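Each chain, written out:
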Amino acid sequence: MDFFELTTDPIDITSVSRRVVPLECGATVTLDGYVRKFTKDRETLHLVYEAYEPMALKEGQKLIEQAKKDFEISHVAIVHRLGKLEIGETSIVISVAAPHRKAAFAACEWLIRELKRTVPIWKKEVFADGEVWVEGDAADIKTA
Amino acid sequence: MKVNVLFFGATADLVGSRAFETSLPETSVAADVISLLRAKYPNLRDRKLLVAVNEQYVGENTRLSNGDQLAVFTPVSGG
């Protein structure tokens, strides 16, 4: 029931969150991450996301497994969009279903923080006057 | 031995390619590939680079094997 998916199509947030609603759950926390127009004073025209897809799928699954060990949650659904995204379009949805909301909020925050650090996906910001591949902080990546 | 090296995002732009195959001495480790790349592509020299071998993050002293698929990329920025 858990899933981590990559897609170039627009993401339907409700359908993602409703795919993980088991009967023992009482709360689903869903993060809808979307494209911001202004970063400080700079205006973004659009974003482009690129992934190392087979590794991104593996790293995404690892995050889900770890979250289910560390938090009292039942199911996790993550969909990340790739390709060109316009302002306001959803780039990522993370839905965490749990018996009680507190663990779902905590797990959702942990999942987005870890995804930004470990899952091999990159974001290019395209501005009116140039473009830049954004670089994360990559602190303490676990290596084999 | 021969390994395949993949690039994504910023590294693909900086190298001007998305993949190439290269020959290495038998006892090579991940850091040797980074050194080769930094020597060949000066615009990689001041970039923090991560390495994955066969879709797993590895440390710089990880020994490489014939046929390995490496990926060399800047810190990820999804979400």
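What counts, and at which threshold
- Sequence order as written defines residue numbering, which begins from 1 separately in each chain.
- Chain letters and ligand numbers both follow the written order, the letters beginning at A and the numbers at 1.
- The predicted nature of this model means local features are confined to residues of pLDDT at least 70 and side-chain atom pairs, given and counted, to a pLDDT of 80 or more, with totals for whole chains, interfaces and linings taken over all residues.
- Hydrogens and waters are ignored; side-chain quantities use all the structure's heavy atoms.
- Classification of residues uses two cut-offs on accessible area relative to the type maximum, computed with a 1.4 Å probe and protein chains only: under 20% is buried, over 50% is exposed, and between them is partly exposed.
- Helical segments are the DSSP runs of H or I of at least four residues, strand segments are the runs of E of at least two, and each set is numbered from the N terminus.
- For two strands to be treated as a pair, DSSP must find no fewer than two bridges joining them.
- Any two residues whose heavy atoms approach within 4.5 Å are treated as being in contact.
- Summed over both partners, the accessible area lost on bringing two parts together, with a 1.4 Å probe, is the buried area.
- Salt bridges are counted wherever a side-chain nitrogen of Lys or Arg sits within 4 Å of a carboxyl oxygen of Asp or Glu.
- A 3.5 Å cut-off defines polar contacts: any pair of N or O atoms within that distance qualifies, except that in protein one atom must be a possible hydrogen donor and the other a possible acceptor, and neighbouring residues in sequence count only when both atoms are side-chain atoms.
- Charged residues are taken to be Asp, Glu, Lys and Arg, nonpolar residues to be Ala, Val, Leu, Ile, Met, Phe, Trp, Tyr, Cys and Pro, and polar residues to be all remaining types, Gly included.
- A helix is expected to span 1.5 Å multiplied by its residue count minus one.
- Fitting a line to C-alpha atoms yields each axis, with helices limited to the stretch in contact; the angle taken between N-to-C directions then spans 0 to 180 degrees.
- Pairing of aromatic rings covers Phe, Tyr and Trp, the last counted by its six-membered ring, and requires centre-to-centre distances within 6.5 Å; plane angles under 30 degrees mean stacked, over 60 mean edge-to-face, and any other angle means tilted.
- Only when the NZ of Lys or the CZ of Arg is both within 6 Å of the ring centre and within 35 degrees of the ring normal is a charge said to sit over the ring.

## Here's the deal with the pairing of strand 8 (residues 121-127) of chain A
All names here are of chain A.
Thought 1: Of all 7 residues that make up strand 8, 7 are buried, and the element is covered over most of its length.
Thought 2: Across the two faces of strand 8 the burial is the same, with I121, K123, E125 and F127 and W122, K124 and V126 all buried.
Thought 3: Looking at chain direction, strand 4 (residues 42-51) and strand 8 are connected through 7 bridges and run antiparallel. Among the inter-strand pairings, A51 is bridged to a residue of strand 8, identified as I121.
Thought 4: The sheet contact formed by strand 8 and strand 9 (residues 130-133) spans 4 bridges and is antiparallel. Residue pairing across strands places E125 opposite V132, the latter belonging to strand 9.
Thought 5: Adjacent in sequence and paired antiparallel, strand 8 and strand 9 are bridged by 2 residues.

## Looking at the interface of chain B and chain A
Thought 1: On the side of chain A, 32 residues touch chain B, which itself brings 26 residues to the contact.
Thought 2: Of all residues in chain B, E55, Y57 and G79 of chain B bury the most surface against chain A, accounting for 32% of the area lost on that side.
Thought 3: The tally of links from chain B across to chain A stands at 3 salt bridges.
Thought 4: Across the pair E135 of chain A and R47 of chain B runs a salt bridge whose closest N-O atoms are separated by 3.0 Å.
Thought 5: The interface formed by chain B and chain A contains 17 residue pairs in polar contact (both at pLDDT 80 or more).
Thought 6: Elements supplying a minimum of two residues to the side of chain B that touches chain A: helix 1 (9-15), strand 3 (50-53), strand 4 (56-57) and strand 5 (69-73) of chain B.
Thought 7: In terms of residue class, the side of chain B that touches chain A is made up of 11 nonpolar, 10 polar and 5 charged.

## Some remarks on the sheet that holds strand 1 (residues 2-7) of chain B
Strand-to-strand pairing in sheets goes through backbone hydrogen bonds, with the strands running parallel or antiparallel.
Residues and elements named next belong to chain B.
Thought 1: Reading across the sheet, the 5 strands line up as 2-1-5-3-4 and stay open at both edges, with mixed pairing between neighbours. The strands lining the two open edges of the sheet, one partner per strand, are strand 2 (19-23) and strand 4.
Thought 2: Where strand 1 meets strand 5, 4 bridges bridge the pair, whose relative direction is parallel. Pairing of N4 across the sheet is with Q69, part of strand 5.

## Comments concerning helix 3 (residues 101-118) of chain A
Thought 1: When the terminal C-alpha atoms of helix 3 of chain A are compared, their 26 Å separation across 18 residues agrees well with the 26 Å that a helix rising 1.5 Å per residue should span.
Thought 2: Of all the positions in helix 3 of chain A, only A103, A104, A107, C108, W110, L111, I112, E114, L115, R117 and T118 of chain A are classed as buried.
Thought 3: On its buried face, helix 3 of chain A sits against strand 1 (3-7), strand 2 (27-34), helix 2 (53-70), strand 5 (75-81) and strand 7 (90-98) of chain A together with strand 4 of chain B.

## Side note on the sheet that holds strand 5 of chain A
Residue and element names in this part refer to chain A.
Thought 1: Pairing is mixed in the open sheet, where 4 strands are placed in the order 1-5-7-2. Each end of this open sheet is capped by a strand with a single partner; those strands are strand 1 and strand 2. Direction aside, neighbouring strands of the sheet carry axes that sit 10° apart on average.
Thought 2: Bridge analysis of strand 2 against strand 7 gives 8 bridges, and the strand direction is antiparallel. Note that in strand 7 the partner of L31 across the bridge is I94.
Thought 3: Against the sheet, helix 2 engages strand 1 and strand 5, with an angle of about 150° to strand 1.

## Topic: the packing of aromatic side chains
Thought 1: Taken as a whole, this structure holds 6 aromatic pairs over all chains when the rule is applied.
Thought 2: With 5.5 Å between their ring centres and 45° between their planes, F7 of chain B and F20 of chain B make a pair best called tilted. Here the residue F7 of chain B occupies a position in strand 1, and F20 of chain B occupies one in strand 2, the gap between them amounting to 13 residues. An identical accessibility class is assigned to F7 of chain B and F20 of chain B; each is buried.
Thought 3: Their ring planes at 70° and their centres at 6.0 Å tell us that Y57 of chain B and F73 of chain B sit as a pair that is edge-to-face. Here F73 of chain B lies in strand 5 and Y57 of chain B lies in strand 4, a separation of 16 residues in the sequence. One exposure class covers both Y57 of chain B and F73 of chain B, and it is buried.
Thought 4: An aromatic cluster is defined as three or more aromatic residues linked by ring pairs; in this entry it consists of Y52 and W122 of chain A together with F8, Y57 and F73 of chain B.
Thought 5: Of note, R19 of chain A hangs over the ring of F3 of chain A, and the distance from its end group to the ring centre comes to 3.7 Å.

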